[in-house]
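For reference, the chains in residue letters:
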Amino acid sequence: MTLVAGVDIGSTTAKCILLEDGAIVGKSLAPVGVELVKDAERALEKALGEAGRERREVQAVTGTGYGRFKVTFGQYTLTEIGCHAKGAHYLFPGTRVVLDIGGQDTKAIKVSDRGEVVDFAMNDKCAAGTGRFLDVCAGALGFDVSEIGSLSLGARHPVKVTNTCTVFAESEVSAYVARGKDPKDIVAGLYASVVSRSLSLMQRVGVEPELTFTGGVSRNEGVVRTLRQRLNLSVNVSPLSQYVGAIGAALHGLERAGSPPP
Ligand code: ADP
């Protein structure tokens, strides 16, 4: 029996995945605060609680995400890029391109048939087109981001969101609201903007099937639908998509622990 954990400390959320002999046996997801070391510990404890396992049984812990060095109790670290490639390959072995949209960054990753990184492109430091962009703009519409996924269904005249900067886009959304624009059309305009930026990134590595969409924004069904329409390709999305970085981290630990990949 080999029990390993992957802990992904992102800009917005902490995720943990526990793998036993290559199968997922526990997971956790919680917002991050200011004490990232504690968030990382809580993420592991919560996943252990779900799996009914003890900390001493865990043979390897790998940290990933922007806060990976806060996983101070772990043995290994690996970048999110490497982890998303491995994790996407685990869920969808035919994956050749990964689009990861998280809280503050977007990455397009070209992946080999073994789940290794071949090439990648990332957004610049600005949060345009990321989860934060959608969170702030949903707020300007009076919604939480988790409520706007299906809102664009039935949009008839999507607005053009011209500002990519989150702060200016928020003002632009507020101005559309003040002018009485239908929230469906505003949300459809936001999704078009996020998807356009993602497509430019993906074009830098090459868009090819199979494409797997990961990160918290892949939980937004409106973004998924818009991406599928624009690409005219099927796009893999799993209920575990927000955990893909943590899955990849756990797999890295499994390899280091000397077990063959599942
Ligand atoms: P990070 O790894 O940078 O912390 P995540 O991959 O966890 O980021 O993604 C966080 C983003 O996911 C949020 O900013 C939000 O836009 C989006 N998100 C999270 N949960 C949902 C949900 N239920 N519906 C729609 N979007 C969501």
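Please refer to the structure higher up on the page.
Quantities reported herein were computed from a predicted structural model and do not represent experimental measurements.

A. Layout of helix H7 (residues 244-256). Compared with an ideal rise of 1.5 Å per residue, which puts 13 residues at 18 Å, H7 spans 18 Å between its outermost C-alpha atoms and is within 8% of the ideal. Counting buried positions along H7 yields 11 of 13 residues, so the element is predominantly enclosed. Along H7, the positions that sit buried rather than exposed are Val244, Gly245, Ala246, Ile247, Gly248, Ala249, Ala250, Leu251, His252, Gly253 and Leu254. Taken from the residues just after H7, Gly258 is the one with a positive phi, measuring 90°.

B. The site of the ligand, seen in detail. Thr12, Thr13, Lys15, Asp135 and Gln242 are the nearest of the 18 residues found near the ligand. Take Ser11: an N or O atom from its side chain is 2.9 Å from an oxygen atom of the ligand. One nitrogen or oxygen atom from the main chain of Gly103 is found 2.9 Å from an oxygen atom belonging to the ligand. Protein burial of the ligand: of its 580 Å² of free accessible surface, 87% is covered by the chains. At the level of secondary structure, the elements contributing two or more residues to the shell around the ligand comprise strand S2 (13-20) and helix H3 (131-140). The element that contributes the greatest number of residues to the shell around the ligand is H3, accounting for three residues.

C. Fine view of the pattern of salt bridges. Within this structure, the stated rule accounts for 15 salt bridges. Between Asp100 and Lys107 there is a salt bridge; the shortest N-O distance is 3.1 Å. The class of Asp100 is buried, set by a relative accessible area of 4%. On the accessibility criterion, Lys107 (2% relative accessible area) is buried. Shared partners join several salt bridges into a network, and the residues in it are Arg68, Glu80, Asp100, Asp105 and Lys107.

Definitions and limits used
Residues numbered from 1 in each chain as written. Predicted model: local features only at pLDDT ≥ 70, side-chain atom pairs only at ≥ 80, totals over all residues. Heavy atoms only, no water. Helix = DSSP H or I, 4+ residues; strand = E, 2+ residues; numbered from the N terminus. Expected span 1.5 Å × (residues − 1). Buried < 20%, exposed > 50% of the residue type's maximum accessible area, 1.4 Å probe, protein only. Near = heavy atom within 4 Å. Polar contact = N/O pair within 3.5 Å; in protein donor to acceptor, adjacent residues only side chain to side chain. Areas by Shrake-Rupley, 256 points an atom, 1.4 Å probe, with all protein chains shown as cover. Salt bridge = Lys/Arg side-chain N within 4 Å of Asp/Glu carboxyl O.

Distances and angles like these do not, on their own, reveal function.
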